[in-house]
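For reference, the chains in residue letters:
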Amino acid sequence: MLDRHLRPLIDPPLNLIGGQIARVGLTANMVTLIGLAFGLAGAGAIVAGHFLLAVALILASRVADGLDGAVARAQGVTDFGGYLDITCDFVFYAAIPLAFVLHDPAANGVAGAVLLASFYINGASFLGYAILAEKKQMRSDSHGVKSLYFTGGLLEGAETIAFFVAICLWSQWFAPMAYVFAALCAVTTTARVLLAARVFRG
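1. Concerning the overall build of the protein chain
When you go through the protein chain residue by residue, the secondary structure sums to seven helices and zero strands. Across the protein chain, helices and strands are ordered from the amino to the carboxyl terminus as α-α-α-α-α-α-α. A total of 202 residues make up the protein chain; the buried ones form 43% of that total. Excluding contacts between residues fewer than 6 apart, the proportion of contacts in the protein chain whose partners are at least 24 apart in sequence is 79%.

Right under this line is the structure:
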């Protein structure tokens, strides 16, 4: 919901820094993998109970996730780069809830499983829509230049990162916050399916 409104604000500095990174010699795929490494380190910090460290690592991961696209735009966007980016994103989004489950299985196990299921279903609706949009040769740059077609929704990247930060800062409330976020994911998925029914009816 917020991503398209944030893009005009964050893209110019990201493109500036991304261009400098490209001149240093780092590729967009390297930056993607660095971002994933930060994210997985953040998950490890959660498992160990170091939640403030986890916040810093999660934010570093998402900065890298924004920079990889900027580097790609400077060097030339590739299909594999887009594929690697979305795959690493999904790994990151799965790792954080799983880390809370591993940190305290008794308190967080069921809520974490529900949250992961909601992510899985929402991700399937997102990728399915992207496949059909490509088949129809649909294009949109409202979420920036992407290798995949991005549909908007109630919950997007900005909301998910804010949620991850919140559950790190108030980890004792993980379970109720996870249930609320999972419900909002269900709303996002339902809206996307209804949109697909209207757009791809033919």
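The discussion continues.
2. Examining the packing of aromatic side chains
For the structure on display, the rule yields 11 aromatic pairs. Their ring planes at 20 degrees and their centres at 5.9 Å tell us that Phe 51 and Phe 100 sit as a pair that is stacked. Of the two residues, Phe 51 is situated in helix 3 (residues 51-75) and Phe 100 in helix 4 (residues 79-103); the sequence distance between them amounts to 49 residues. Neither Phe 51 nor Phe 100 differs from the other in exposure class; each is buried. With centroids separated by 5.7 Å and ring planes inclined at 75 degrees, the aromatic side chains of Phe 92 and Phe 164 adopt a geometry described as edge-to-face. You can see Phe 92 sitting in helix 4 and its partner Phe 164 sitting in helix 6 (residues 157-169), a full 72 residues away along the chain. The same class applies to Phe 92 as to Phe 164, namely buried. Through a chain of ring-to-ring contacts, the aromatic side chains of Phe 92, Tyr 93, Phe 119, Phe 163, Phe 164 and Phe 181 assemble into a single cluster. A cation over an aromatic ring shows up here: Arg 62 above the ring of Phe 92, its NZ or CZ 3.9 Å from the ring centre. Here the guanidinium or amino end of Arg 62 rests over the ring plane of Tyr 93, the centre of that ring lying 5.9 Å away.

3. Overview of a nonpolar patch on the surface
On the surface, a nonpolar cluster with roughly 310 Å² of combined accessible area is contributed by Leu 26, Met 30, Ile 34 and Phe 38. Following the sequence through the fold, Leu 26 ends up in the loop between helix 1 (3-24) and helix 2 (28-47).

4. Examining the environment of Val 31
Relative to the elements of secondary structure, Val 31 occurs in helix 2. Considered as a pair, Val 31 and Asp 68 are 37 residues apart in the sequence and their alpha carbons are 5.3 Å apart.

5. Some thoughts on empty space enclosed by the protein
In this approach the atoms are scanned with a rolling probe the size of a water molecule, which exposes any empty space left behind. Overall, the coordinates contain one cavity of 30 Å³ or more when judged by the stated rule. Approximately 50 Å³ is the volume found for the largest cavity. Lining the largest cavity are Val 31, Thr 32, Gly 35, Leu 36, Ser 61, Arg 62, Ala 64, Asp 65, Asp 68, Asp 85, Cys 88 and Asp 89. Elements with a contribution of two residues or more to the lining of the largest cavity: helix 2, helix 3 and helix 4. Considering only residue class, the lining of the largest cavity consists of four nonpolar, three polar and five charged.

6. Thoughts on the environment of Val 47
Relative to the assigned elements, Val 47 resides in helix 2. Residues Val 47 and Ile 96, 49 residues apart in the sequence, show an inter-C-alpha distance of 9.2 Å. Contact partners of Val 47, with chain neighbours within four places excluded, come to Ala 99, Leu 102 and His 103.

7. Quick look at the pattern of salt bridges
The tally for this structure, following the rule as stated, stands at two salt bridges. Close ionic contact of Asp 65 with Arg 62 constitutes a salt bridge, the shortest N to O distance being 3.4 Å. Taken together, the residues span about one helical turn, with Asp 65 and Arg 62 both in helix 3 at a distance of three residues. For Asp 65, a relative accessible area of 23% corresponds to the partly exposed category. One salt bridge in this structure joins Asp 89 and Arg 62, with 3.2 Å as the shortest N-O distance. Here Arg 62 lies in helix 3 and Asp 89 lies in helix 4, a separation of 27 residues in the sequence. This pair shows no difference in class: Asp 89 is buried, exactly as Arg 62 is. Salt bridges linked by common partners bring Arg 62, Asp 65 and Asp 89 together as one network.

What counts, and at which threshold
Residues numbered from 1 in each chain as written. Predicted model: local features only at pLDDT ≥ 70, side-chain atom pairs only at ≥ 80, totals over all residues. Heavy atoms only, no water. Helix = DSSP H or I, 4+ residues; strand = E, 2+ residues; numbered from the N terminus. Buried < 20%, exposed > 50% of the residue type's maximum accessible area, 1.4 Å probe, protein only. Contact = heavy atoms within 4.5 Å. Phe/Tyr/Trp six-rings, centres within 6.5 Å; stacked < 30°, edge-to-face > 60°. Lys NZ or Arg CZ within 6 Å of the ring centre and 35° of its normal. Patch = residues over 30% accessible without salt bridge, like charges linked within 9 Å, V, L, I, M, F, W, Y side chains within 5 Å. Areas by Shrake-Rupley, 256 points an atom, 1.4 Å probe, with all protein chains shown as cover. Salt bridge = Lys/Arg side-chain N within 4 Å of Asp/Glu carboxyl O. 1 Å grid on protein atoms, 1.4 Å probe; cavity = no way out; pocket = protein on both sides within 12 Å on 5 of 7 lines; lining within 4 Å. Points joined across faces, edges and corners; volume = space filled by probe spheres on them. Nonpolar A, V, L, I, M, F, W, Y, C, P; charged D, E, K, R; others polar.

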